[in-house]
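Working through the structure, step by step
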Amino acid sequence: EVQLVESGGGLVQAGGSLRLSCAASGSIFDDYAIGWFRQAPGKEREGVSCISSIDGRTYYADSVKGRFTISSDYAKNAVYLQMNSLKPEDTAVYHCAADPDRSCSGGYNYRNPSAYDFWGQGTQVTVSS
């Protein structure tokens, strides 16, 4: 079973930056794509980004495009989410998750949480205005 652990969340002022990490158990990139999701109180979980383990392609929700960057380190079995120009509406618990479709569903369905088999515990990101 895949194990995922997020870290790097915290409190930051609007306009600031945070870098989230998702540490995975061994060989994660042999079998899974990794996505990032977020969920704010009273709101639905939403997909924000995904990175393919086939070709390294990355995908972003319109709400974060140009501000967030997803990356991976094969040797460390880790995925990162660099978040810049943070806004109060980015406040949420951020989760990483593993999708057995290594292509991020070809970029068309990567924001569907039902596609992902394993989830981390989440890390809180709070952006103050």
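Placed above this text is the structure.
My aim in this report is to walk through the structure given alongside it, one point at a time. (Residues numbered from 1 in each chain as written. Predicted model: local features only at pLDDT ≥ 70, side-chain atom pairs only at ≥ 80, totals over all residues. Heavy atoms only, no water.)

It is worth spelling out the environment of Glu6 at this point. By the secondary structure assignment, Glu6 is in strand E1 (residues 4-7). Linking Glu6 and Gln121, residues 115 residues apart in sequence, is a C-alpha distance of 6.8 Å. Other than its neighbours up to four places away in sequence, Glu6 contacts Ser21, Cys22, Trp36, Tyr94, His95, Cys96, Gly120, Gln121, Gly122 and Thr123. From its side chain, Glu6 meets the backbone nitrogen of Cys96 in a polar contact 2.8 Å long. For Glu6, the side chain forms a polar contact with the main-chain nitrogen of Gln121, separated by 2.9 Å. (Helix = DSSP H or I, 4+ residues; strand = E, 2+ residues; numbered from the N terminus. Contact = heavy atoms within 4.5 Å. Polar contact = N/O pair within 3.5 Å; in protein donor to acceptor, adjacent residues only side chain to side chain.)

What follows deals with the nonpolar core. By size, the foremost hydrophobic cluster in this structure holds 31 residues, and its most contacted members are Leu4, Ile34, Trp36, Leu81, Met83 and Tyr94. Residue assignment for this core shows that the elements contributing at least two residues are strand E3 (18-24), strand E4 (33-39), strand E5 (46-51), strand E7 (68-73), strand E8 (78-83), strand E9 (92-99) and strand E11 (123-128). Among the nonpolar cores identified, the runner-up in size contains nine residues, and Phe37, Cys50, Cys104 and Tyr110 belong to it. (Core = buried A, V, L, I, M, F, W, Y, C linked by side-chain atoms within 4.5 Å. Buried < 20%, exposed > 50% of the residue type's maximum accessible area, 1.4 Å probe, protein only.)

This next bit is on the packing of aromatic side chains. Counted by the stated rule, this structure contains six aromatic pairs. Both rings, one in Tyr32 and one in Phe118, keep their centres 5.8 Å apart while their planes meet at 80°; by these two values the pair is edge-to-face. Placement of Tyr32 in the loop between E3 and E4 and of Phe118 in strand E10 (residues 118-119) is noted, with a sequence separation of 86 residues between them. Relative accessible area serves as the criterion here: at 18%, Phe118 is assigned to the buried category. With centroids separated by 5.6 Å and ring planes inclined at 35°, the aromatic side chains of Tyr59 and Tyr110 adopt a geometry described as tilted. (Phe/Tyr/Trp six-rings, centres within 6.5 Å; stacked < 30°, edge-to-face > 60°.)

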